[in-house]
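Overview (structure and organization)
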Amino acid sequence: MGSSIFKQEEGDSYSRNSSVTSNQSSSSTVLKLDKEPPVLNDHQKSLLRESWSSLQDDIAKVGVVTFIRLFETHPDFQETFLPFRGLSNSDMENSLILKAHALRVMITVDKCLTRIDSPTRLDDLLKGLGHRHISYNVHIDYIDMMGEQFIKAIRPKFGDAWSSELEVAWTGLFDVMTYHMKRGIIQE
Ligand code: HEM
């Protein structure tokens, strides 16, 4: 279903060589496969689990806010989502497709936290997911943008309880997620 809602970009493809540079765009898409995946320490893992459980009631909303923030900061990103072209933010908030994907991202966060101590299961989950995003024509750079906006979307939910430690832990989790997803995008 995915590809139908994405614009086809001519020549849009990914290098599958070992030194891996996406030929789609900038040097920011370079991913060295010999680099070790990012690692979270035990304290960060428990901070993540604790903060995630306190977000449970807001998960769908956080997902949608994350996407709206992405659209606001990267108008080209919104263009990628054809059905959302020209919609106001309030229209987007009501979009079922947007909500469905936002929720899928949140479910993936949940699955990652469940598998956080099983690197192989985590890699299997995320590599496959990244690989499927090729067929959704998702630009590899977009994968990197999710974490920052997700963190900005959850931060207000914590008020004074938000800390730089929490920010580093959530940034770390998205680093892990995007690392493995990008492996799936650039590898066969
Ligand atoms: C951390 C980043 C992301 C995660 C965790 C994520 C997660 C998911 C999941 C779980 C699905 C369900 C289908 C499947 O399992 O293959 C999906 C589908 C899809 N994703 Fe993502 N995604 C991410 C980033 C993006 C971005 C940046 C875009 C677009 C710019 C995007 C566009 C799509 C599309 C078009 C589909 C197919 C339609 C749908 O199922 O809603 N994804 N994604």
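Predicted, not measured: the structure shown is a model, and the values here were computed from it.

Quick look at the overall build of the chain
Summing up its helical and strand segments, the chain has eight helices and zero strands in all. For the chain, the α and β elements follow one another from N to C terminus as α-α-α-α-α-α-α-α. For the chain, contacts bridging at least 24 residues in sequence account for 77% of all contacts bridging at least 6.

A closer look at the packing of helix H2 (residues 59-73) against helix H7 (residues 140-158)
Between H2 and H7, the shortest axis-to-axis distance is 8 Å and the interhelical angle comes to 120°. Viewed along their axes, H2 and H7 adopt a mutual orientation that is oblique. In this structure, the crossing between H2 and H7 has a hand that is right-handed. Here Val62, Val65, Thr66, Arg69 and Leu70 of H2 come into contact with H7, specifically with Met145, Met146, Gln149, Phe150, Lys152, Ala153 and Ile154. Taken together, the residues that form the contact of H2 with H7 break down as eight nonpolar, two polar and two charged.

A few points about the nonpolar core
Counting 33 residues, the largest nonpolar core has Phe67, Leu173, Phe174 and Met177 as its most contacted members. Secondary structure elements with two or more residues in this core: helix H1 (42-54), H2, helix H5 (96-114), helix H6 (119-135), H7 and helix H8 (164-186). With 10 residues, the single largest contributor to this core is H8. Met177 has contacts with Cys112 and Leu126, leaving out every residue within four places of it along the chain.

Remarks on H7
Within H7, the full set of buried residues consists of Ile140, Ile143, Met146, Gln149, Phe150, Ala153 and Ile154. Of the residues one or two after H7, Gly159 is the one with positive phi, at around 55°.

Scoring rules and cut-offs
Residues numbered from 1 in each chain as written. Predicted model: local features only at pLDDT ≥ 70, side-chain atom pairs only at ≥ 80, totals over all residues. Helix = DSSP H or I, 4+ residues; strand = E, 2+ residues; numbered from the N terminus. Contact = placed C-beta atoms within 7 Å. Axes fitted to C-alpha atoms, helices over the stretch in contact; angles between N-to-C directions. Parallel < 35°, antiparallel > 145°, perpendicular 65-115°, else oblique. Left-handed = near helix turned anticlockwise from the far one by under 90°. Nonpolar A, V, L, I, M, F, W, Y, C, P; charged D, E, K, R; others polar. Core = buried A, V, L, I, M, F, W, Y, C linked by C-beta atoms within 7 Å. Buried ≥ 20, exposed ≤ 12 C-beta atoms within 10 Å, placed from the backbone.

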